[in-house]
Amino acid sequence: MDVSTRAGSLERTRQPAHLLEAVARTGLRLTVIRSRRRLLADCVDLIRSSLGLDSVIVYLLDDDKQRIAPQLAEGEPGESVLIDDQSAVGRAVQQQTAIHTPASADSTRAELALPLTFENPLGALVLGAKQTTFAPDEIAAYQILADQLAIALYNAQRYTRDAQVLASAERRAMLLEAATQVGRDVTSILELDTLLERIVDTICLAYGFYYAAVFLVDTKMQRWAVLRAGYGKAGRKMLESGHLLEINDSSIVGWCINHQQARIALDVGKDTVRFNNPLLPLTRSEMALPLIVGHNVLGALSVQSAQEAAFEEKDINTLQVMADQLAIVINNAQLLSNLRETHRELLRTKTFEAIATATGEAIHWVGNKAAPIPACVSRTREDMARLIYLADAILRRSPEELRQHLFAQMIADAAETLDEKMPAGRELIAGLEERPFKSVRRLLSMESILEDLDIINLSAQTILNIKEDLIGPARESQRRRIHLDELLKNVVTSMAISPEVHIEQKYAPALPNVAGDPRQLENVFGNLFKNAVEAMAGRPKKRLAIEAALSKTEGFVEVRVTDTGCGIPKSDLDRIWISFYTTKGDRGGTGLGLSACMQIVSQMEGKIEVESQVNVGTTFIVSLPALAE
Amino acid sequence: MADKAIQVLLVDDEKPVLRSMEKTFLRAGFDVETAADITEGLALFNQAMKEQRPFDIAVLDLNMPNFDGVESPDAGLDLLKKLIEVKPDLPVIVLTAFDTVSKAKAAISAGARDYFVKGREEGLVELVNKTLATGGK
């Protein structure tokens, strides 16, 4: 070999080595790209720059494997060509061999079409260089590159596919997990409104949805589904505006309730739906799931996503599981709410009855107490006037000097005033002089005057005392923490019950506290103790037992007040709450306070009941919610 | 000679009310005997009968403890019946609370001459006079 040839062949020898090195490096860099998209995007520049090529185009096989399309710079495939022998690239794939097109009159570039194959044909790699030809070892080197690219492509595709499968499985798992989470979160909530709010919040959080809402069928107007909870600001705004939808096919939610079936709406693909709620501008897909319990459709759950085609038909199953669970929870909350309302209504009626009756009776009771007052006043006025007139009359017959006395003038003055105020006053002493002392004596009785004043006073006091009992429940109550055993002991002590009555007090250890107004509660028990003592009047055995302990009902404390009195006949057991018993005596006495007691205890969210046996005794049971501390 | 004063039997278990009514009757010129329960009332009545100075009229509260000492809305009625049994022509006025006028009407069926709703004492004296005028003594 001569030197020049030698030099030339040295050059040649160097080139392939350099090229191989470059190919190896490039190939390495390609194979680490996992994303198919990125691979396609990056490989062209990578190959071109590291290998000094003029043009690099990757062709990928169509799905039908009949055509290949070049992947253009923007990432979109260009026009595809048939895999036949009409083009170099077609031939490369068809024959699975490198097709070399040297530079010609038409083009100053040499082109090389290399098949991209790994296990199966994937496409082709077309390289262009500003040289006349590609040398055989260049071709060999570039084929190695193409093989590496093919591997990279294959892996990336496989990775993507795997990733898709994985993502799908992960998605499924995530949906189920989210369903469980939602379920766990909400089953303990019994308050309907809190529940619904939680549901939409939890769903959006767990699934990452853009928006979720719960519609419930209006119980009165069965034609409408009313928005009861909506996620976020948009939800709140729609709630405020009283958003509702008609139950027909005009909306996805309406359709869903109408047909009791889930429905997906997308703004792409077939059956496109236009989402035009200004409050939810990012919605691209929506799913509505019916909330059904038994044969009853309660409403619908609507979920919206900002992603296109976010919902697939197979998602319906998973999400419906969650929706079914929610339907049960909502149903329970609704039932509970109805029950509570019914109970409240009942209590309101009963309490109202009790109050109304008590008020009516109280009113005429007060009237009765006040009855003697006018008569007493009238008598006192008469007696006082008579007194003055008698004194005045005697003074008029008295000697002048007596009449000049200060006292006499005072009397004369008083008599004059009476003349003005009581025009017929002097008649009170008319004809008295003729009568015997014995018969007129009592007309000037100081005792009588004082007695009448006493009666007035007593009547007034009685009425005032009753006022205390009556406004007991109506008094503004303060809520305090109450130690029951202390309170009960205090009431017993302050009442100074007769030693004839044997009092037993039994308080459970570690008795929970209750919340309420101590004064009102003292009134309640004071009343019960007083009733008990009075019921035992004339009984051979007088025993008052006071017990406080945890109630059988969880969360409640029970106080039992038992006496050995005459008992209450069965027929009266209901009446004791509404009767304004015993109108005699100065404090209304037995039974007055029971309707007040019931009201106070009800206000404390407690209960008061009675058990009794005639001739044996009576037990009042007061249940109060225990303070959770 | 002055007319013998009208003899009134007054029975009511509320002491202040009883006393005030007694004084009203006294000042109206009646003679009054009072009882705070029906047992005592019956005793006074029988005593008067025995001494041949029967009462001219009885005024009874309806709602009083009965013969066994138990609160009863019909105790006054029991006394009424007992009195009428002994002296059928005895005029009796029953005192009734505002909302138990029906009880008062039942009393009239049982023999009472009239009823008076407790409230003001005003009118009671007139009623007594009227009752006595129309068929009493």
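Quantities reported herein were computed from a predicted structural model and do not represent experimental measurements.

Engineer: Residues and numbers for the overall build of chain B, please.
Structural biologist: Of the regular secondary structure elements, chain B holds five helices and seven strands. Split into buried and exposed, the 137 residues of chain B put 41% on the buried side. Pairs at least 24 residues apart make up 56% of the contacts formed inside chain B by residues separated by at least 6 positions.

Engineer: I'd like a rundown of the confidence of the model for chain B, residues and numbers included.
Structural biologist: All names here are of chain B. Summing up the model confidence of chain B, the mean pLDDT is 84 and the portion of residues at 70 or higher is 86%. Highest mean pLDDT in chain B belongs to strand 1 (residues 7-11) (95); lowest belongs to strand 5 (residues 71-72) (56). Predicted as a complex, the structure gets a pTM of 0.47 and an ipTM equal to 0.83.

Engineer: Could you give an account of the interface of chain B and chain A, with specific residues and numbers?
Structural biologist: Contacts between the two partners involve 18 residues from chain B and, on the opposite side, 17 residues from chain A. Per-element tally for the side of chain B that touches chain A: the top contributor is helix 1 (residues 15-27) of chain B, with seven residues. Classifying every residue of the side of chain B that touches chain A gives four nonpolar, three polar and eleven charged.

Engineer: How would you explain helix 3 (residues 88-95) of chain A if you had to name every residue and give the values?
Structural biologist: All names here are of chain A. Burial in helix 3 covers these residues: Val89, Gly90, Ala92 and Val93. Down the axis of helix 3, the buried side of the element spans an arc of 160 degrees, and every buried residue falls inside it. Looking at the buried residues of helix 3, the elements they touch are strand 1 (55-61), strand 2 (67-70), strand 3 (81-82), strand 4 (99-101), strand 5 (110-118) and strand 6 (120-129). Gln96 lies just past helix 3 and shows a positive phi near 55 degrees.

Engineer: Describe the environment of B:Val86, and please don't skip the residues or the numbers.
Structural biologist: All names here are of chain B. Secondary-structure assignment places Val86 in helix 3 (residues 75-86). Judged by the 12 C-beta atoms lying within 10 Å of it, Val86 is exposed. Spatially, the C-alpha atom of Val86 lies 8.7 Å from that of Asn46, the residues being 40 residues apart in sequence.

Engineer: Can you break down the environment of A:Ala141 residue by residue, with the values?
Structural biologist: All names here are of chain A. As for its position among the elements, Ala141 is in helix 4 (residues 136-186). C-beta crowding within 10 Å serves as the criterion here: with 23 such atoms nearby, Ala141 is assigned to the buried category. Ala141 sits 119 residues away from Ala22 along the chain, and the two C-alpha atoms are 9.5 Å apart.

Engineer: An account of the sheet that holds strand 8 (residues 224-230) of chain A is needed here, citing residue identities and associated values.
Structural biologist: Residue and element names in this part refer to chain A. Strands sit in the order 9-8-7-12-11-10 across an open sheet of six strands; the sheet is antiparallel. Strand pairing shows two members of the sheet lacking a second neighbour, strand 9 (244-246) and strand 10 (263-266), which therefore form its edges. Direction aside, the axes of adjacent strands within the sheet are offset by 25 degrees on average. Pairing geometry for strand 8 and strand 9, over three bridges, is antiparallel. For Val226, the partnering residue across the bridge sits in strand 9 and is Leu244. Each of strand 7 (211-217) and strand 8 is contacted by helix 6 (residues 232-240), which is oriented at about 140 degrees to strand 8, the strand it contacts most. Here helix 7 (residues 252-259) sits on the sheet and contacts strand 7, strand 8, strand 9, strand 10, strand 11 (285-293) and strand 12 (296-305); the angle it forms with strand 11, its principal contact strand, is near 30 degrees.

Engineer: Quick one: what's the story with the pairing of strand 2 (residues 31-35) of chain B, residue by residue and with numbers?
Structural biologist: All names here are of chain B. Across five bridges, the pairing between strand 1 and strand 2 is parallel. What sits directly across from Leu10, in strand 2, is Thr34. A crossover links strand 1 with its parallel partner strand 2, the connecting element being helix 1, and its sense is right-handed.

Engineer: Explain the sheet that holds strand 3 of chain A residue by residue, including any values.
Structural biologist: Residue and element names in this part refer to chain A. If you walk across this open sheet you meet the six strands as 3-2-1-6-5-4, and the pairing is antiparallel. The open sheet terminates on both sides in strands that have one partner only, identified here as strand 3 and strand 4. Summarising the sheet, strand 5 and strand 6 pair through nine bridges and their orientation is antiparallel. Considered in strand 6, the bridge of Phe118 is made with Asn120. Of the strands in this sheet, strand 1, strand 2, strand 3, strand 4, strand 5 and strand 6 are in contact with helix 3, which crosses strand 5 at around 35 degrees.

Engineer: Any details on unusual backbone geometry? Residues and values, ideally.
Structural biologist: At A:Gln96, a position not held by glycine, the phi torsion is positive, near 55 degrees. Note that A:Gln96 resides in the loop between helix 3 and strand 4.

Engineer: Pulling in residues and values, what's your account of helix 9 (residues 372-396) of chain A?
Structural biologist: Helix length check: helix 9 of chain A, at 25 residues, gives a terminal C-alpha distance of 36 Å against a target of 36 Å (1.5 Å per residue), a fit within 8%. For helix 9 of chain A, every residue scored as buried is listed here: A:Pro372, A:Ile373, A:Ala375, A:Cys376, A:Arg379, A:Ala385, A:Arg386, A:Ile388, A:Tyr389 and A:Asp392.

Engineer: Quick one: what's the story with the environment of A:Thr219, residue by residue and with numbers?
Structural biologist: Residues and elements named next belong to chain A. If you trace the backbone, Thr219 turns up in the loop between strand 7 and strand 8. Residue Thr219 is classed as exposed on the basis of its 9 C-beta neighbours within 10 Å. With 79 residues separating them along the chain, Thr219 and Leu298 place their C-alpha atoms 9.3 Å apart.

Engineer: Could you give me a rundown of the nonpolar core, with the residues and numbers involved?
Structural biologist: All names here are of chain A. If you look at the biggest cluster of nonpolar residues, it comprises 50 residues, and the most contacted ones within it are Leu291 and Ala300. With near-sequence residues (within four places) excluded, Ala300 lies in contact with Phe215, Ala225, Val253, Cys256, Ile257, Ala288, Leu289, Pro290 and Leu291. Within the second largest apolar cluster, 40 residues are counted, among which are Val89, Ala113, Ala141 and Leu149.

Engineer: An account of the packing of helix 14 (residues 484-495) of chain A against helix 15 (residues 518-535) of chain A is requested, with residue identities and associated values reported.
Structural biologist: Residues and elements named next belong to chain A. The N-to-C vectors of helix 14 and helix 15 enclose an angle of 55 degrees; their axes lie 10 Å apart at closest approach. One way to sum up the angle between helix 14 and helix 15 is to call them oblique. As helix 14 runs across helix 15, the sense of the crossing is right-handed. Listed contacts from helix 15 to Leu487, Leu488, Val491, Val492 and Met495 of helix 14 are Pro518, Leu521, Glu522, Phe525, Gly526 and Phe529. Its residues assigned to classes, the contact of helix 14 with helix 15 comprises nine nonpolar, one polar and one charged.

What counts and what doesn't
Residues numbered from 1 in each chain as written. Chains lettered and ligands numbered in written order. Predicted model: local features only at pLDDT ≥ 70, side-chain atom pairs only at ≥ 80, totals over all residues. Helix = DSSP H or I, 4+ residues; strand = E, 2+ residues; numbered from the N terminus. Buried ≥ 20, exposed ≤ 12 C-beta atoms within 10 Å, placed from the backbone. Contact = placed C-beta atoms within 7 Å. pLDDT = per-residue confidence, 0-100. Nonpolar A, V, L, I, M, F, W, Y, C, P; charged D, E, K, R; others polar. Arc of directions from axis to C-beta. Pairing = 2+ DSSP bridges. Axes fitted to C-alpha atoms, helices over the stretch in contact; angles between N-to-C directions. Right-handed = clockwise from strand over helix to strand, strands pointing away. Expected span 1.5 Å × (residues − 1). Core = buried A, V, L, I, M, F, W, Y, C linked by C-beta atoms within 7 Å. Parallel < 35°, antiparallel > 145°, perpendicular 65-115°, else oblique. Left-handed = near helix turned anticlockwise from the far one by under 90°.

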